[in-house]
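Here is what each chain is made of, one letter per residue.
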Amino acid sequence: AGVDEAGRGPLAGPVCAAAVRLPQGFAPELGRDSKVLSAATRANAAVAIEEQALAVGVGWASVEEIDAQNILQATYLAMRRALQEMKQRCSQVLVDGNRLPPLADLCDGAHAVIKGDGLVAEIGAASILAKVARDNYMQRLDQTYPGYGFAQHKGYGTRAHRQALLALGPCPLHRRSFAPVRAALAIQQAEYAR
C-alpha cells in the first residue's frame, strides 16, 4: 500500500491521509503527485483510483488533535487511521517522505520514500485521494465559516486568508498551535480587553 497526506501546512482544518493498494497494470498517469495536477484532473483521477484500487482507506486527524499532539504526530495518526480503514493487513507499506509513523501492528514492513508521490504509483494515488478528500471538506466548511475563503485556499496561509484571520479572528477550524493563528488570537484578545 502507498500512504500520503494532505494538509500538514495549512493554518486551518484537519490533516487527511489516504492509503491505497493498486492492481498490477494500473494506469501510472493516475497515480501521480497531486500537486502537479489541476483540481479537475485530480477529481477525475480520484474517481478512477477508487473504482480500480484493490483497497482504499482515508483517515483524519482533527484540529484538536493537531493542537494537542503537534502536526507530525497528528499526521501519523491520520496515516494509521487510513491503513486501518483499508481493513486488510499489507505486507509492505510505502510512505511518502523521510519519516515513518509507527506501523508495526498494521503491516509486515514499512519504508519511507522521499518524493514518493512522484515515484510510486500507490503513493501518488494516495496523495490524490487525500488532497481531494481534504479539499472537498474545506469547500463544504466554507459555508459554515464564511468570510475566510476556505473554498479558495483550503486553509493554507495565503495573503487573503491571513487578512481574514486578522479581521475576523480565528474560528473553530483554525489550528491554535500555529504561530499566525496564535498571533491573530492575541490581537483579538487584546482588542476585547480594551
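Reading the values: the criteria
Residues numbered from 1 in each chain as written. Predicted model: local features only at pLDDT ≥ 70, side-chain atom pairs only at ≥ 80, totals over all residues. Heavy atoms only, no water. Buried < 20%, exposed > 50% of the residue type's maximum accessible area, 1.4 Å probe, protein only. Helix = DSSP H or I, 4+ residues; strand = E, 2+ residues; numbered from the N terminus. Arc of directions from axis to C-beta. Contact = heavy atoms within 4.5 Å. Pairing = 2+ DSSP bridges. Axes fitted to C-alpha atoms, helices over the stretch in contact; angles between N-to-C directions. Core = buried A, V, L, I, M, F, W, Y, C linked by side-chain atoms within 4.5 Å. Parallel < 35°, antiparallel > 145°, perpendicular 65-115°, else oblique. Left-handed = near helix turned anticlockwise from the far one by under 90°. Nonpolar A, V, L, I, M, F, W, Y, C, P; charged D, E, K, R; others polar. pLDDT = per-residue confidence, 0-100. Lys, Arg positive; Asp, Glu negative; His and termini not counted. Salt bridge = Lys/Arg side-chain N within 4 Å of Asp/Glu carboxyl O. Polar contact = N/O pair within 3.5 Å; in protein donor to acceptor, adjacent residues only side chain to side chain. Phe/Tyr/Trp six-rings, centres within 6.5 Å; stacked < 30°, edge-to-face > 60°.

**Q** Would you mind showing me how to read helix H7 (residues 159-168) here?
**A** Every α-helix carries 3.6 residues per turn, so stepping three or four residues along brings you back to the same face. Listing the buried residues of H7 in full gives His161, Ala164 and Leu165. End-on, the buried residues of H7 take up no more than an arc of 105°, which puts them together on one face. Among the exposed residues of H7, those pointing more than 90 degrees away from its buried face are Arg159, Leu166 and Ala167. On its buried side, H7 packs onto helix H6 (150-153) and helix H8 (179-193).

**Q** What is the right way to look at the sheet that holds strand E5 (residues 110-113) in this model?
**A** With respect to topology, 5 strands assemble into an open sheet ordered E3-E2-E1-E4-E5, the strand pairing being mixed. Lying at the two open borders of the sheet, with one neighbouring strand each, are strand E3 (55-61) and E5. Recorded for the sheet is a direction-independent mean angle of 25° between the axes of neighbouring strands. Sheet topology note: the strand E1 (residues 2-6)/strand E4 (residues 93-96) ladder contains 2 bridges and is parallel. The residue of E4 that forms the bridge with Val3 is Val95. Across the sheet, helix H3 (residues 71-86) lies against E1, strand E2 (15-21), E3 and E4, angled at about 150° from E3, the strand it touches most.

**Q** Would you mind showing me how to read the nonpolar core here?
**A** Note that soluble globular proteins tend to have their nonpolar side chains buried in a common cluster. Within the largest apolar cluster, 28 residues are counted, with the highest numbers of intra-cluster contacts made by Val3, Val15, Leu83, Met86, Val93 and Leu103. Elements represented by at least two residues in this core include exactly E2, E3, H3, E4 and H8. With 9 residues, the single largest contributor to this core is H3. Residues in contact with Met86, not counting those within four places in the same chain, are Ala1, Ala19, Val20, Arg21, Ala55, Val56 and Gly57. Val20, Leu22, Leu37 and Ile128 belong to the second largest nonpolar core, which has 17 residues in total.

**Q** What is the right way to read the pairing of E3 from this model?
**A** Covered by surrounding structure in E3 are Ala55, Gly57, Gly59 and Ala61 only, the residues Val56, Val58 and Trp60 on the alternate face being uncovered. As paired strands, E2 and E3 are joined by 7 bridges and run antiparallel to one another. By the bridge assignment, Ala19 is partnered in E3 with Gly57.

**Q** Please explain the packing of H7 against H8 as it appears in this structure.
**A** When two helices pack together, their arrangement is given by the angle between the helix axes and by the axis-to-axis distance. As a packed pair, H7 and H8 sit with axes 8 Å apart at the nearest point and diverge in direction by 30°. With respect to each other, H7 and H8 are oriented roughly parallel. For the pair H7 and H8, the sense of crossing is right-handed. In contact with Arg162, Leu165, Leu166 and Leu168 of H7, H8 contributes Pro180, Val181, Ala184, Ile187 and Gln188. Within the contact of H7 with H8, the residues separate by chemical class into 7 nonpolar, 1 polar and 1 charged.

**Q** Whenever I open this one, the environment of Met138 confuses me. Can you help?
**A** Along the chain, Met138 turns up in helix H5 (residues 121-144). Ignoring any residue separated from it by four or fewer positions in sequence, one finds Met138 in contact with Ala12, Gly13, Pro14, Phe150, Ala151, Lys154, Gly155 and Leu173.

**Q** Please clarify how the confidence of the model for the protein should be interpreted in this entry.
**A** Regions with low pLDDT carry predicted coordinates that are not meant to be interpreted in detail. In this model, the protein carries a mean pLDDT of 91, and residues with pLDDT of at least 70 account for 95%. Of all the helices and strands in the protein, H8 carries the lowest mean pLDDT, 85, while helix H2 (residues 63-69) carries the highest, 98.

**Q** Could you clarify how one ought to interpret the side chain of Arg175 in this entry?
**A** Here Arg175 lies in the loop between H7 and H8. There is no salt bridge for the buried Arg175, and the closest opposite charge comes from Asp67, which lies 6.5 Å off by N-O distance. Within the local environment of Arg175, its side chain forms a polar contact with the backbone oxygen of Gly13, the two atoms lying 2.9 Å apart.

**Q** I tried to follow the packing of aromatic side chains on my own but got confused; where do I start?
**A** Here a ring pair, both rings aromatic, is described through the centre-centre distance and the interplanar angle of the planes. Under the definition given, this model contains 2 aromatic pairs. The interplanar angle of 50° and the centroid separation of 5.4 Å between the aromatic rings of Trp60 and Tyr137 together place this pair among those described as tilted. Here Trp60 is found in strand E3, whereas its partner Tyr137 is found in helix H5, with 77 residues between them in sequence. The partly exposed category is assigned to Tyr137, whose relative accessible area is 27%. On the basis of an interplanar angle of 15° and a centroid distance of 5.4 Å, the ring pair of Tyr148 and Phe150 is categorised as stacked. A residue is classified by how much of its surface remains accessible, and Tyr148, at 8% relative accessible area, is buried.

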